[in-house]
Amino acid sequence: MNRKKDKGFESPRPYKLTHQVVCINNINFQRKSVIGYVELTIFPTVMNLNRIKLNSKQCRIYRVRVNDLEAPFIYNDPTLEVCHHESKQRNLNYFSSAYTAAVSAVDPDAGNGELSIKVPSELWKQGDEMKVMKVYIEFSLDQPKGGLHFVVPDVEGSMAERAAHVFSFGNQNSTRFWFPCVDSYSELCTWKLEFTVDASMVAVSCGDLVETIYTHDMRKKTFHYMLPIPTAAPNISLAVGPFEILVDPYMHEVTHFCLPQLLPLLKHTMSYLHEIFEFYEEILTCRYPYSCFKTVFVDEAYVQVSSYASMSIFSTNLLHSGMIIDQTPVTRRCLAQALAQQFFGCFISRMSWSDEWVLKGISGYIYGLYLKKTFGVNEYRHWIKEELDKIVEYELKMGGVLLHPTFSGGKEKDNPTPHLHFSIRHPHTLSWEYYKMFQCKAHLVMRLIENRISMEFMLQVFNKLLSLASTASSQKYQSHMWSQMLVSTSGFLKSISNVSGKDIGPLIKQWVDQSGVVKFFGSFAFNRKRNVLELEIRQDYTSSGTQKYVGPIKVTVQELDGSFNHTLQIEENSLKHDIPCHSKSRRNKKKKIPLMNGEEVDMDLSAMDVDSPLLWIRIDPDMSILRKVEFEQADFMWQYQLRFERDVVAQEEAISALEIFPTPASRLALTDILEQDQCFYKVRIQACFCLAKIANSMMSTWTGPPAMKSLFTRMFCCKSCPNIVKTNNFINFQSYFLQKTMPVAMALLRDVQNLCPKEVLNFILDLIKYNDNRKNKFSDNYYRAELIDALTNSLTPAISINNEVRTVDNLNTDVRLILEEITRFLNMEKLLPSYCNTITVSCLRAIRMLQKNGHIPSDPSLFKSYAQYGHFVDVRIAALEAVIDYTRVDRSSSELQWLLDLVQNDPVHYIRHEILSMLAKNPPFTKAADSLLCNEALVDQLWKLMNSGTCHDWRLRCDAVNLYNTLFGLTRPSCLPLPELGLVLNLKEKKAVLNPTIKSEQGPGGPEVTTTSTLEEEHVVMEPAMSGVAMAPQGLKRKAETPLGSSPEPGQVMQEEPSAKASIKSKFPTQEEEDIDMDTVHDSQAFIYHHLNMLERPSTPGKEPSSVEQAMLSMPGTPMPTLSKESTSSKHGDHHHHHHHHHHEHKKKKKKHKHKHKHKHKHESKDKDKDRDSHAFSNSPASGRSIRSPSLSD
Amino acid sequence: MADSVVMGSGSLNSGSRSGSSKTSTSPTENYQLARRRTLQVVVSSLLTECGFESAEKAAVETLTEMMQSYITEVGRCAKATCEHTARSTPTLSDVVITLVEMGFNVDTLPVYAKRSQRMVITAPPITNAPVIPKALMAGQKRTHPTYIPSHFPEFPDPHTYIKTPTFREPVSDYQVVREKAASQRRDVERALTRFMAKTGETQSLFKDDISAFPLIAAKPSSIPYLSALLPSELELQTLEETDSSEQDDQTDTENNPSSISQDDHSADKENVVLPPGGVVPAGKANEENMIDNPYLRPVKKPKVRRKK
């Protein structure tokens, strides 16, 4: 969006915000309410500023004053109910576009907002002096559902004793949920924040705590914060609670807060934060931009980590004591992420949503550098591979992820992501999964840029951005100076080219402006005569989520004489590449083989092909392309690669490749890796699972004890009595992780009857029995949990004798043993709970597995009790996962209902989100299959959930959309009753009927510049609905079934209205291919009514059109030219006329409504018309400009 | 005499016992009952001598009791006196001293014994002296060595004083130790959880047999993160143990955290208890001054007050 503009930032608002005061006078934990006021200092940038649009959601606004004059205001939030309830539309396309329209209508980046304040005329008449305006808004929040989260445990005592606390949260810019503001990342201002809280509480917020003052009654105190660094409202946060305070011993300006009783954990957890600080400050050669930093750990957190200006809010579950191994790296990573976002995300903000990738990319990239430094290069490369695999898998499955979407024309056709069921136009319409992948891709692309321009330049660019920003931040407000603190894609790219002098245009074009990944298939042949390696690299660029790659690719060939890098050029038509080999295939005398890293090793070359000097080949070893490589080479080559290549990525690739080569040689290679303690532990862990798979494939020829058993015995059991494991000593983490994993992998072994070998089961039971942690410095909770996981893995389906009821008596003896262990573990957890209740979690999974395999009766009640509010969150998630699985397997509608009720009512936002995303991952049914569960009531319920039930949480709403898509698909759910009368309206001719669904996600409006006529504006409003109802496949089917042999050719219909069509075509050259699947007359009426209704709302941008205009207006609205009738019940011979008739009816109806609505508003107030003109629900940015339009200037 | 007294006391006890628990009378009890009956006869005759025509049963019983106590006391004291002079059998003089001690005028005794209206009481019926059941004999009793006079009590049974080496091979076999520790722990855990399951609410995996594999019911807690995050006491204990054994490598880090903990203790105090003056512990004054953190600063009083 801003790519082309090299100039500074242009605000979409007719004013500039410079300072905002937020004062919260009262926080009532009992009633969960908040009272306060805000005061915004703004400079109008236009003459006659008469209207101010701000963002505010769910706040009750008592009064608004502008410069001490009472100002009328209007509050309108179209996102509360996306589609109006009278609409019978149940089509996701329709919803998505309506939702996007609604979000756009209040998007601060387009100058919109829910709250529209009319500047008192006394003020705007003298506006030419550009005087400062102070907008004062009193508001309150009562039981907020979003924005602020109250945690009030139900125990005795005062609120402080109960550890009651409240904190702000949200997905992206969600500050509007708790105070009125300009909720945009691009509107920076300085802040003064005041919070009056109970004397036993602490209020932690952004900026410097200037002073804390008691109220007169000494029962409360007021925290005064100043934030002199210009900051966007979404980066403001608050946490209030009876926190324990820890001043960082290394950095006194850093303060940590946790809930009562957790101080010892906080001390331990925070003991290494200073290292992260030092690291970032060093690589960025820039001091931490804020004068202080605060970390707050809260319960029931929305996300694990959220960063705000000079403070971060974390989940309290990240805290851990020194005895916990597994959580430590996880928590450190979270801290490092939070801190990286302090620099890029909080201090440096973004110009627009399409620049988000730069911030996420840079923060993710420097976080990666921290990982490399702290956890080592192996861990870093492993992580990069993991992230790469993740993004590749996602894009291949779901379609491309686009980092920098451009919405140039705003027309339907320009939708950059037609494959998605949601719009990527706004952060609030994105699926959570997509956003996670977006972040993942962003940092990978930053790494690609680093590969191109070198890390040194990269860091210089970051430093430049930061130093520009910090210079700007210290300035008093001057026009455009603060916009230096906003990063844009173009600005970032410009810095790169300035600093490095390199052109990274093609790279950006490939990975940033375009979605998709590259899919390579490689194979090779060795030409002995020419001593040449003939490499063939093919690409699949036609499947979804892929793109074509043209450019250099690195290939590393390990030969007998050494390792050689070759850079090949991938071109349009060349698949084959000849690479000359350096060594002769003749076997040299016993000679060491040099590796890439200069090491020389002895190898047993007997496995090799005598004629070929090739040991192994790697394509793109540095992961400098976002790609998936499927490479074919012989098994012995993979084995050499596994044993001798020192890069962990290569080793991991070799391991996954070896899965399809179940041979003794593979077994040996894997076992050797397992035993080598020099080898990276995650590679060894992966080798465990691969070995289990291979062992199962080699079942008939396998000799010796079960795979890994003797290895485990040798490594972890007593010398004198090999059946007893040593007492735990986890001081060596690598072997700890291996010790944990090996039993889990071993339990996957199967014998000829496809059962877990008795020997293995007994072995695991013995591990549990002899587990002794008394002498260990570390907790063994994760280890024990994994032993239970091992038991779970050992389960195989029960032999069922004609569906008998599972009873205790017919329990298999092995299962009885397993069940006894699980029972004991689960009961012990009640007496001595383990850290994060890991053992309960594993036990619940095990019980579900027992149920699923038919060993014990399938019953969700146990899980439901563990899923209740009041259990530890991990336990709840595990229990819910089991209930969801039960719902799918047993097709239980009551459980599904129970889950959906929880989604609506659970106090914890994270749980609600997880239920929906787990349901989408493990759906009770899908659009592909019929299910009894799929019925109209469910459709309605889910529809309601995403339409209005989740308006307080963007993330949850998108989750609901996701689930709806999984269950019913984009089009009308198949379980809805067949419509009595369906009509397909088509704006394009002919084949449109066959045109499948997706072309219409995109919302209307966008940056489209509508100029004069309201016609276009109107059109824009209409668009979402029309596009939303693209042809359903079943519509097609119905059509085929139509008893009338001569179904009307769309073309024929067209001919009946040539003039109409022509006029439309001329007006909307891009408006094509619009299908509408109207299921019933009612639907179509509702549809039209809906749109009229939208117009009717006071916020709708509708300059009163002349009646002539209006007549034209309605035309695009009611899609006309192609009408094809689908109703099976139709008895009319002449369809066209019939439809035609309908059509006209709609038109008339619409007109009527329009008039009515006009009428109505005249009644209301004389101001109303103006209101309607100017603010809020405009689906096009034109409304942003409407302020300047003549009708408003009065 | 002493003998009979002792027996009398014995009969008292057993008499009351047999009265309450109506068991068939053993030879011992028979013997004691007979003695007691004789005593009653004595009491009755003495009453007759004093001129009573009849007496309530309870009164007779009380008097019998008193007499028996008196005789017992005389016997006991006589025995004590005799033992005091290193003899084992009481003599007449012992009894006399006892009587004197108890405030009885011995001189009146011969006169009383020779009084005219003295009633003659038939001798108690001869019953077999109770057979003292043989104590369990374990091993051969040792005979006295030559230097111990034979009248000294016999040695007790050897098991009461001889140390028997009971250790089998000390169980140093690693396998056995581990085995034992494991099964012990498992047994304790199982017993404990079963107990908890029996005494509280349970959930069951089977519908047909609710008692099989009982699971302690899941109870939501109001602050679930506390138990999930804080290490249990058991773990803390082990941590201390291991820490003390590894103190060497801990000392370096220990120095710093200790100062931190001090710091934030005072931090807590200031912020939670809120002494307006912000009293700084004297010892830590230097360090405290170094830390200038707004959250540690004292809370100011409202302006009105400050004006005062």
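Since the model is a prediction, treat every value here as computed from it, not as a measurement.

Conventions and cut-offs
- Residues numbered from 1 in each chain as written.
- Chains lettered and ligands numbered in written order.
- Predicted model: local features only at pLDDT ≥ 70, side-chain atom pairs only at ≥ 80, totals over all residues.
- Heavy atoms only, no water.
- Helix = DSSP H or I, 4+ residues; strand = E, 2+ residues; numbered from the N terminus.
- Buried < 20%, exposed > 50% of the residue type's maximum accessible area, 1.4 Å probe, protein only.
- Areas by Shrake-Rupley, 256 points an atom, 1.4 Å probe, with all protein chains shown as cover.
- Axes fitted to C-alpha atoms, helices over the stretch in contact; angles between N-to-C directions.
- Parallel < 35°, antiparallel > 145°, perpendicular 65-115°, else oblique.
- Left-handed = near helix turned anticlockwise from the far one by under 90°.
- Contact = heavy atoms within 4.5 Å.
- Nonpolar A, V, L, I, M, F, W, Y, C, P; charged D, E, K, R; others polar.
- Salt bridge = Lys/Arg side-chain N within 4 Å of Asp/Glu carboxyl O.
- Pairing = 2+ DSSP bridges.
- Buried area = accessible area lost by both parts, 1.4 Å probe.
- Polar contact = N/O pair within 3.5 Å; in protein donor to acceptor, adjacent residues only side chain to side chain.
- Core = buried A, V, L, I, M, F, W, Y, C linked by side-chain atoms within 4.5 Å.
- Patch = residues over 30% accessible without salt bridge, like charges linked within 9 Å, V, L, I, M, F, W, Y side chains within 5 Å.
- pLDDT = per-residue confidence, 0-100.

Q: Give a description of the overall build of chain B that names residues and reports values.
A: Looking only at helices and strands, chain B has twelve helices and two strands in total. The linear arrangement of helices and strands in chain B, starting from the amino end, is α-α-α-α-α-α-α-β-β-α-α-α-α-α. Every one of the 308 residues in chain B was classed for burial, and the buried ones make up 25%.

Q: Please provide a residue-by-residue account of the overall build of chain A, values included.
A: The secondary structure content of chain A amounts to 36 helices and 34 strands. Carbon together with sulfur atoms contributes 52% to the accessible area of chain A, which is approximately 43400 Å² in total.

Q: Can you explain the packing of helix α7 (residues 432-453) of chain A against helix α9 (residues 489-500) of chain A? Please cite residues and give values.
A: Residue and element names in this part refer to chain A. Interaxial distance between α7 and α9 falls to 12 Å at its minimum, and their mutual angle equals 20°. Judged on the interaxial angle alone, α9 and α7 are roughly parallel. In the crossing of α7 with α9, the sense of the turn from one axis to the other is right-handed. Along its contact with α7, which presents M446, I449 and I453, the element α9 presents F492, I496 and S500. Broken down by class, the residue content of the contact of α7 with α9 amounts to five nonpolar, one polar and no charged.

Q: Would you mind going over the pattern of salt bridges in detail, with residue names and values included?
A: This structure, assessed with the given rule, holds 55 salt bridges over all chains. A salt bridge links E179(B) to K769(A), with the nearest nitrogen and oxygen atoms 2.9 Å apart. On the criterion of chain membership, the pair formed by E179(B) in helix α7 (residues 174-199) and K769(A) in helix α17 (residues 758-770) is interchain, its members lying in two chains. A salt bridge links K852(A) to D885(A), with the shortest nitrogen-to-oxygen separation between them at 3.3 Å. Of this pair, K852(A) sits in helix α20 (residues 838-852) while D885(A) is found in helix α22 (residues 873-890), placing the two residues 33 residues apart along the sequence. According to the relative accessible area criterion, K852(A) is partly exposed, its value standing at 40%. When salt bridges that share partners are traced, they join E821(A), R824(A), R185(B), R186(B) and E189(B) into one network.

Q: So what's going on with the pairing of strand β7 (residues 115-118) of chain A? Which residues, and what values?
A: Residues and elements named next belong to chain A. Residues L115 and I117 of β7 are buried on one face, and the alternating residues S116 and K118, pointing to the opposite face, are buried as well. Where strand β6 (residues 73-75) meets β7, three bridges bridge the pair, whose relative direction is antiparallel. The partner of F73 across the bridge, within β7, is I117.

Q: How would you explain the sheet that holds strand β27 (residues 576-580) of chain A if you had to name every residue and give the values?
A: All names here are of chain A. Here we have four strands laid out as an open sheet, ordered β27-β24-β23-β31, and mixed in their pairing. Of all strands in the sheet, those with a lone pairing partner are β27 and β31 (627-631), marking the two edges. Strand-to-strand twist of the sheet, defined as the mean angle between neighbouring strand axes without regard to direction, takes the value 25°.

Q: Could you give me a rundown of the interface of chain B and chain A, with the residues and numbers involved?
A: Every contact between the two is made by 67 residues of chain B and, on the other side, 97 residues of chain A. A buried area of about 7200 Å², summed over both sides, lies between chain B and chain A, and 63% of it is on carbon and sulfur atoms. Together, Y225(B), L229(B) and Y295(B) form the three largest contributors to the area buried by chain B at its contact with chain A, with a combined 11%. At the boundary of chain B and chain A, one finds four salt bridges. A salt bridge links E189(B) to R824(A), with the nearest nitrogen and oxygen atoms 2.5 Å apart. Our enumeration of links across chain B and chain A arrives at 19 residue pairs in polar contact (both at pLDDT 80 or more). Listed by contribution, the elements that provide at least two residues to the side of chain B that touches chain A are α7, β2 (215-216), α8 (224-229), α9 (233-245), α10 (247-273) and α12 (303-307) of chain B. Looking at the side of chain B that touches chain A, the element that brings in the most residues is α7(B), giving 13 residues.

Q: Help me get a handle on the environment of S563(A), residues and values and all.
A: Residues and elements named next belong to chain A. Its place among the elements puts S563 in strand β26 (residues 562-570). The exposure class assigned to S563 is buried, which follows from its relative accessible area of 17%. Sequence separation between S563 and N597 is 34 residues; the distance between their C-alpha atoms is 8.8 Å. With residues near it in sequence (within four places) discarded, S563 still touches T556, V557, Q558, P594, L595 and M596.

Q: I'd like a rundown of the nonpolar core, residues and numbers included.
A: Ranked by internal contacts, the top residues of the largest apolar core, which has 358 residues, are Y280(A), F344(A), W357(A), I449(A), F462(A) and F492(A). Per-element accounting of this core gives the leading share, 17 residues, to helix α6 (residues 356-398) of chain A. Here Y280(A) is in contact with T285(A), A336(A), L339(A), A340(A), F343(A), I366(A), Y367(A) and Y370(A), once residues within four sequence places are set aside. Core analysis: the next-biggest nonpolar cluster, separate from the first, contains five residues, V74(B), A78(B), V95(B) and L99(B) among them.

Q: Can you tell me about the environment of D890(A), naming the residues and giving the values?
A: With respect to the helices and strands, D890(A) occurs in helix α22. Along the backbone, D890(A) and K775(A) are 115 residues apart, and their C-alpha atoms lie at a distance of 46 Å.

Q: I'd like a description of a nonpolar patch on the surface, backed by residues and values.
A: A contiguous nonpolar patch, built from Y70(B), I71(B), F104(B) and L109(B) and spanning about 310 Å² of accessible area, is present on the exposed surface. Take L109(B): it is sitting in helix α5 (residues 108-113).

Q: How would you summarise the confidence of the model for chain B if you had to cite specific residues and measurements?
A: Parts of the prediction with low pLDDT should not have their coordinates interpreted in detail. Residues and elements named next belong to chain B. Averaged over chain B, the pLDDT score is 73; the fraction of residues at 70 or greater is 67%. Within the model, the stretch residues 245-288 combines pLDDT values under 50 with 44 contacts to residues more than four positions away or in other chains. Taken over the whole predicted complex, pTM reads 0.75, whereas the ipTM for its chain interfaces reads 0.76.

Q: Report on the side chain of K57(A), specifying residues and quantitative values.
A: The topology assignment puts K57(A) in the loop between β3 (51-54) and β4 (60-66). A distance of 2.6 Å separates a polar atom in the side chain of K57(A) from a polar atom in the side chain of T79(A).

Q: Break down the pairing of strand β20 (residues 311-315) of chain A for me, citing the residues and quoting the values.
A: All names here are of chain A. Counted residue by residue, β20 has five buried out of five residues, so it is predominantly covered. Residues M311, I313 and S315 point to one face of β20 and S312 and F314 to the other, with burial holding for every one of them. As paired elements, strand β19 (residues 305-308) and β20 share four bridges and run antiparallel to each other. In the sheet register, S306 faces β20, and the bridge partner there is I313.

Q: Give me the lowdown on unusual backbone geometry, citing residues and values where you can.
A: Backbone phi values are negative for most residues with the exception of glycine, while trans is the configuration of most peptide bonds. All names here are of chain A. The phi dihedral of N67 falls on the positive side, at around 45°, and the residue is not glycine. Tracing the backbone shows N67 in the loop between β4 and β5 (69-70). Given the relative accessible area of 25%, N67 is considered partly exposed. Of note in this structure, Q261 is not a glycine but carries a positive phi near 80°. You can see Q261 is positioned in the loop between β17 (254-258) and α3 (263-269).

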